[in-house]
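Residue-level structural notes
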Amino acid sequence: MTSNPSVATVVVLFLTLLVSVPLSAAAPAKSPAAAIRPVSLHCEYLENPLGIDVRKPRLGWKLVAAPGARGQEQAAYQILVATSLKQLERNRGDLWDSGRVASKEQFGIEYAGKPLKSGQAVVWKVRVWDREGRVSSFSDPSRWEMALLSPDEWRAKWISHPRPLPASDREFFQDQPAPIFRKEFKLAKPIARARAYVSGLGYYELRMNGERVGDRLLDPGWTTYSKRVLYSTYDVSRLLRRGENAIGLVVGNGWYNPLPLPLFGRFKLREHLPVGKPRAILRLVVEYTDGSRETIVTDETWKAGDSGVLRNSVFLGEVVDLRKEPRGWDRAGFPDADWPSAVPSAEPVGPLQAQFQPPIRATAQLKPVKITEPKPGVHIVDLGQNFGGRVLLRASGPAGCRINLRYGELLYPDGTLNPMTSVMTQIKNSRVSTAMGGPPTAWQQDSLILRGSGAAGEEHEELRPRFTFHGLRYVEVTFEGPKPRSWEVIGERLNSDVASAGSFACSNELFNRLQNVVRWTQLSNMFSVQSDCPHREKLGYG
């Protein structure tokens, strides 16, 4: 008679079968993903910046939570910084692997890897651990590129036009064409990449082979120029070619060469700001596909000429005569033999520093909502709302036609422009100003003199003021000399191109309108510094 197996024997047999199952047959336990993940990576508080001159840049990111996750926080992070995407894809930080760092910090984290070099491009990513110790996937890769880390690396000179500054206050109010500087050079090999490091005082525009470089306006940002001057970095790889090339700079007065206008009838900016002749500095680094490099810098070998910008003032506006703009001056082959050589700038300024703030850009367009003619030959363009910025004028007409644009916030009862609320610092019918050679009333005005377009239907000529900005809603359009065949005006809001931190909307339309007014007011006063207004004073005590 056979006895039944005991309970203990059954248990032993079951456990034996369980542990004898091959490990490959058992599904591995998958760690649950973290409830948070990093996004919006930034270096020196900028996303994918081109041109950082901080030797140990500060890194940071934002966190987003998984749906339904509440009360979460970061417990640790790991940063990988690499020389290439290939290294980063292998999860190798050949420049820096921070390892797991127990910290809740998400910004201001100093790079602590291998020393970085000027012009070096790097990629990086980060992952985080949540409150329960679960790790996220790595973020999408981000980038930054170093600028020039030592003043000695510039090997470039500040250059100016040999023409001296006016000898008297009265002469400052006469035509002073904005200087242009040009240089031709030859590139002998295939190009891998090219970077231009550039600044100009008060403002500049960079051009290469007939094209404007970048979309920055009123650059560089306003600083105390005796303490520091900001410069920008541009990727100009696509603008250069093997063979003959040309590079050009046009430089406006800005805050560095202001008119001797008496603010409030008393204060001359020229006596309270670092001032001098308009100047420019540039270092262009070209890397060839074979690994070699070539450098072009500003020095006395550059040629200096006059642009068609006859007058430019931050407060009064610009006068542009397209007939006097040298055609093709920013292209190779332009005849500049009779142009004088540029000269080194004499006035001292502070050290160069990479621009760390968002650049000024055109961030919104305003089409006219109404155009009237309250008096014969006087046209009033209503752009619908008040804003800080400039006006784009497109016109077609005979040579010598002068189109004047005067700006204001209000209209008089008869429908004509009231420019008086936009007049600079109460210079209204001022005897002081006229005694110095300035206008009796310092209203805002731009003027364009046409080169002379051909038959109707040909391309329009354009005025986009480059070295000034205004506060306005209404534009008064008048003509001198022959009349244009056609014209149109479009408003462009300008401001430091800051990212929106949030938004607001509700069921109360009044509150929504107030929010919109506040937003437009804020943006219309951000011109690298927070100003008090974009027309009367434009000063940084807002």
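Everything discussed here concerns the structure shown above.
The following refers to the structure shown.

1. Re the overall build of the protein chain
- For the protein chain, the count of helices and strands is five helices and 37 strands.
- Relative to the globule expectation of 24 Å for 542 residues, the C-alpha radius of gyration of the protein chain, 31 Å, shows a markedly less compact shape.
- Summarising its shape, the C-alpha atoms of the protein chain cover approximately 130 × 65 × 50 Å along the three principal directions.
- Within the protein chain, buried positions represent 50% of all 542 residues.
- By sequence separation, contacts in the protein chain at least 24 residues apart represent 76% of the contacts at least 6 residues apart.
- Here the protein chain contributes 71 positively and 56 negatively charged side chains, and the mean placements of these two sets differ by 3 Å.

2. Notes on the packing of aromatic side chains
- Enumeration over the complete set of coordinates arrives at 11 aromatic pairs.
- Aromatic side chains Trp-124 and Trp-144 sit 6.4 Å apart centroid to centroid with 65° between the ring planes, which places their arrangement in the edge-to-face category. With Trp-124 in strand S8 (residues 121–130) and Trp-144 in strand S9 (residues 142–146), this residue pair connects regions lying 20 residues apart in the sequence.
- Three or more aromatic residues link up through ring pairs in this structure, and these residues are Trp-96, Tyr-111, Trp-124 and Trp-144.
- The ring of Trp-129 has Arg-100 lying over it, and the distance from NZ or CZ to the ring centre is 4.9 Å.
- The side chain of Lys-125 reaches across the aromatic face of Phe-138, ending 4.6 Å from its centre.

3. Focus: the pairing of strand S16 (residues 243–252)
- With nine of 10 residues buried, S16 is to be regarded as a mostly interior element.
- Sheet topology places strand S11 (residues 179–187) next to S16; eight bridges connect them, and they run antiparallel. Note on S16: the bridge partner recorded for Arg-182 is Gly-248.
- Relative to S16, strand S13 (residues 203–208) runs antiparallel, the two being bridged by six bridges. Along S16, the bridge assignment pairs Met-208 with Ile-247.

4. Considering the sheet that holds strand S14 (residues 211–212)
- The five strands lie next to each other as S14-S13-S16-S11-S21, forming an open sheet whose pairing is antiparallel. Edge positions in the open sheet fall to S14 and strand S21 (303–306), since each of these has one partner strand only.
- Pairing of S11 with S21 involves four bridges; the strand directions are antiparallel. Considered in S21, the bridge of Pro-179 is made with Asp-306.

5. A closer look at empty space enclosed by the protein
- Applying the stated criterion to the full structure yields three cavities of 30 Å³ or more.
- Each pocket or cavity is described by its volume, and for the largest cavity that value is around 80 Å³.
- The wall of the largest cavity is formed by 13 residues, among which Tyr-203, Trp-255, Phe-469, Phe-527 and Ser-528 lie closest to the centre.
- Looking at the second largest cavity, its volume works out to about 60 Å³.
- Lining the second largest cavity are Asn-253, Gly-254, Asn-257, Pro-258, Leu-259, Leu-261, Asn-312, Ser-313, Val-314 and Phe-315.
- When the residues that make up the lining of the second largest cavity are grouped by side-chain class, the tally is five nonpolar, five polar and no charged.

Reading the values: rules and limits
Residues numbered from 1 in each chain as written. Predicted model: local features only at pLDDT ≥ 70, side-chain atom pairs only at ≥ 80, totals over all residues. Heavy atoms only, no water. Helix = DSSP H or I, 4+ residues; strand = E, 2+ residues; numbered from the N terminus. Rg over C-alpha atoms; globule rule 2.2 N^0.38 Å. Buried < 20%, exposed > 50% of the residue type's maximum accessible area, 1.4 Å probe, protein only. Contact = heavy atoms within 4.5 Å. Lys, Arg positive; Asp, Glu negative; His and termini not counted. Charge placed at Lys NZ, Arg CZ, Asp CG, Glu CD. Phe/Tyr/Trp six-rings, centres within 6.5 Å; stacked < 30°, edge-to-face > 60°. Lys NZ or Arg CZ within 6 Å of the ring centre and 35° of its normal. Pairing = 2+ DSSP bridges. 1 Å grid on protein atoms, 1.4 Å probe; cavity = no way out; pocket = protein on both sides within 12 Å on 5 of 7 lines; lining within 4 Å. Points joined across faces, edges and corners; volume = space filled by probe spheres on them. Nonpolar A, V, L, I, M, F, W, Y, C, P; charged D, E, K, R; others polar.

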